[in-house]
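Tertiary structure, described
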Amino acid sequence: MGLDMYLTGKIYIGANYEHNDVSGSINLKKAGMDVDVPIDKIDNIEIGLGYWRKANAIHKFFIDNCGRGDSEAQCMYVERDALKELLELCKRVKKNHDIAEALLPTQSGFFFGYTEYNDYYFNCINDTIHIIEDALKYKNVDYYYSASW
């Protein structure tokens, strides 16, 4: 048990509407599954962009900036600019650990992990930099954050 956090991207395809001229199929092979999915039946594609475990400072950022402070929100839309802001904050904290508490404070909670500014915290900061840099490479993506604990 613990705070599990996910960043996903949804790409609107809208292939199942008459005005979109698409054809073909996508073959899915995984764990014994071998299925051809007609493209004209696909409305959205959801891609996993990032996963954190007990990165409570990052969770706090998303709740405060994208979830309007509602920690019970199961899935929240994330503006591209919010990802850019989080990336900038993480880069600043990485350069100067002394400002971590002021810029990206930890948050306590049931199974939320450490609240100290230790190696685990700074590893989460580094992971977040990589996750967001990769996520921002995608264009025309709607970003979503979700967490469970």
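So, a few notes on the structure that sits alongside this text. (Residues numbered from 1 in each chain as written. Predicted model: local features only at pLDDT ≥ 70, side-chain atom pairs only at ≥ 80, totals over all residues. Heavy atoms only, no water.)

Some remarks on the nonpolar core
Core analysis: the biggest nonpolar cluster contains 38 residues, and Trp-52, Ile-58, Phe-62, Leu-104 and Tyr-143 have the highest contact counts within it. Where this core is concerned, the elements lending two or more residues are strand 1 (4–12), strand 4 (44–53), helix 1 (56–66), strand 5 (75–78), helix 2 (80–95), helix 4 (119–135) and strand 6 (142–148). Among the elements that make up this core, the one with the highest residue count is helix 4 (eight residues). Not counting chain neighbours up to four residues away, the residues in contact with Phe-62 comprise Trp-52, Gly-67, Met-76, Val-78, Leu-83, Leu-86 and Tyr-145. (Core = buried A, V, L, I, M, F, W, Y, C linked by side-chain atoms within 4.5 Å. Buried < 20%, exposed > 50% of the residue type's maximum accessible area, 1.4 Å probe, protein only. Helix = DSSP H or I, 4+ residues; strand = E, 2+ residues; numbered from the N terminus. Contact = heavy atoms within 4.5 Å.)

Quick look at the packing of aromatic side chains
A full pass over the atoms with the stated rule returns nine aromatic pairs. Ring centres of Tyr-6 and Tyr-51 lie 5.3 Å apart, and the angle between their planes is 45°; on these two criteria the pair is classed as tilted. Within this pair, whereas Tyr-6 is found in strand 1, its partner Tyr-51 is found in strand 4, the two being separated by 45 residues in sequence. A relative accessible area of 42% means that Tyr-51 is categorised as partly exposed. Here the aromatic cluster, defined as three or more aromatic residues joined through ring pairs, consists of Trp-52, Phe-61, Phe-62 and Tyr-145. (Phe/Tyr/Trp six-rings, centres within 6.5 Å; stacked < 30°, edge-to-face > 60°.)

Focus on helix 2
Along its 16 residues, helix 2 runs 23 Å from first to last C-alpha, staying within 8% of the 22 Å computed at 1.5 Å per residue. Of all the positions in helix 2, only Ala-82, Leu-83, Leu-86, Leu-87, Leu-89, Cys-90 and Val-93 are classed as buried. For helix 2, the angular spread of buried residues about the axis comes to 165°, placing them on one side. Opposite the buried face of helix 2, by more than 90 degrees, sit the exposed residues Asp-81 and Lys-95. Buried residues in helix 2 make contact with strand 1, helix 1, strand 5, helix 3 (100–103), helix 4 and strand 6. (Expected span 1.5 Å × (residues − 1). Arc of directions from axis to C-beta.)

What to know about the sheet that holds strand 1
In spatial order, the strands read 4-1-6-5; together these four strands make up an open sheet with antiparallel pairing. Taken across any chain shown, the strands that pair with only one partner, and hence form the sheet edges, are strand 4 and strand 5. Within the sheet, the average angular offset between the axes of one strand and its neighbour, ignoring direction, is 25°. Across nine bridges, the pairing between strand 1 and strand 4 is antiparallel. By the bridge assignment for strand 4, Asp-4 is matched with Arg-53. Helix 2 contacts strand 1, strand 5 and strand 6 of the sheet and is inclined by roughly 85° relative to strand 5. Sheet strands in contact with helix 4 are strand 1, strand 4 and strand 6, and its direction is about 165° off that of strand 4. (Pairing = 2+ DSSP bridges. Axes fitted to C-alpha atoms, helices over the stretch in contact; angles between N-to-C directions.)

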